[in-house]
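Residues per chain are reported as follows:
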Amino acid sequence: MRAIGTQIKERRRLLKVTQRQLADLSGVGINTLTKIERNEANPTLDILQKILDTLGLELSITVKKMNE
């Protein structure tokens, strides 16, 4: 599983959006965004949702299968 920051960075680049543009569009600080993309930060769900919404991504949570 790839880290969320890596996925955000890849999507941003695919859309040809700079970090500054994404920060401005999502309302997230540029320093925060940079750390998230480097997988150096643990963003709140609120911040993560703002970034994902801006990039057209969504977060899903699934229940892990238990070994029987």
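Shown above is the structure to which this text applies.
The structure reproduced in this document is the subject of the present report. (Residues numbered from 1 in each chain as written. Predicted model: local features only at pLDDT ≥ 70, side-chain atom pairs only at ≥ 80, totals over all residues. Heavy atoms only, no water.)

Another aspect to go through is helix H4 (residues 45-55). Burial in H4 covers these residues: Leu-48, Ile-51, Leu-52 and Leu-55. All buried residues of H4 project into a common sector of 95° when viewed along the axis, lining one side. Just beyond H4, the residue with positive phi is Gly-56, at close to 75°. (Buried < 20%, exposed > 50% of the residue type's maximum accessible area, 1.4 Å probe, protein only. Helix = DSSP H or I, 4+ residues; strand = E, 2+ residues; numbered from the N terminus. Arc of directions from axis to C-beta.)

What follows deals with the nonpolar core. Judged by nonpolar contacts, Ile-8, Val-17, Leu-22, Ala-23, Val-28, Leu-33, Ile-36, Leu-48, Ile-51, Leu-52 and Leu-55 together constitute the single largest core of eleven residues. Of all the secondary-structure elements, those providing two or more residues to this core are helix H2 (19-26), helix H3 (30-37) and H4. Broken down by element, the residue count for this core peaks at four residues, all from H4. The contact partners of Ile-8, leaving out residues within four places of it in the chain, are Leu-22, Leu-33, Ile-36, Glu-37, Leu-48, Ile-51, Leu-52 and Leu-55. (Core = buried A, V, L, I, M, F, W, Y, C linked by side-chain atoms within 4.5 Å. Contact = heavy atoms within 4.5 Å.)

As a packed pair, helix H1 (residues 4-14) and H4 sit with axes 10 Å apart at the nearest point and diverge in direction by 30°. Comparing the axis directions of H1 and H4 gives the class roughly parallel. Along this stretch, H1 crosses H4, giving a crossing that reads as left-handed. Facing H1, whose interface residues are Ile-4, Ile-8, Arg-11 and Arg-12, H4 presents Leu-48, Ile-51, Leu-52 and Leu-55. (Axes fitted to C-alpha atoms, helices over the stretch in contact; angles between N-to-C directions. Parallel < 35°, antiparallel > 145°, perpendicular 65-115°, else oblique. Left-handed = near helix turned anticlockwise from the far one by under 90°.)

Located in the positive-phi region is Lys-16, a residue other than glycine, with phi close to 60°. Among the secondary structure elements, Lys-16 is positioned in the loop between H1 and H2. For Asn-39, which is not a glycine, the phi torsion comes out positive at approximately 60°. Here Asn-39 shows up in the loop between H3 and H4.

Turning our eyes to something else, we now look at a nonpolar patch on the surface. On the surface, a nonpolar cluster with roughly 420 Å² of combined accessible area is contributed by Ile-4, Leu-45, Leu-59 and Ile-61. Counting through the fold element by element, Ile-61 comes out in the segment after H4. (Patch = residues over 30% accessible without salt bridge, like charges linked within 9 Å, V, L, I, M, F, W, Y side chains within 5 Å. Areas by Shrake-Rupley, 256 points an atom, 1.4 Å probe, with all protein chains shown as cover. Salt bridge = Lys/Arg side-chain N within 4 Å of Asp/Glu carboxyl O.)

Another aspect to go through is the layout of surface pockets. Here the largest pocket defines a volume of roughly 270 Å³. Contributing to the lining of the largest pocket are 13 residues, with Arg-2, Ala-3, Ile-4, Gln-7 and Leu-59 lying nearest its centre. Of the residues belonging to the lining of the largest pocket, the class tally is seven nonpolar, two polar and four charged. (1 Å grid on protein atoms, 1.4 Å probe; cavity = no way out; pocket = protein on both sides within 12 Å on 5 of 7 lines; lining within 4 Å. Points joined across faces, edges and corners; volume = space filled by probe spheres on them. Nonpolar A, V, L, I, M, F, W, Y, C, P; charged D, E, K, R; others polar.)

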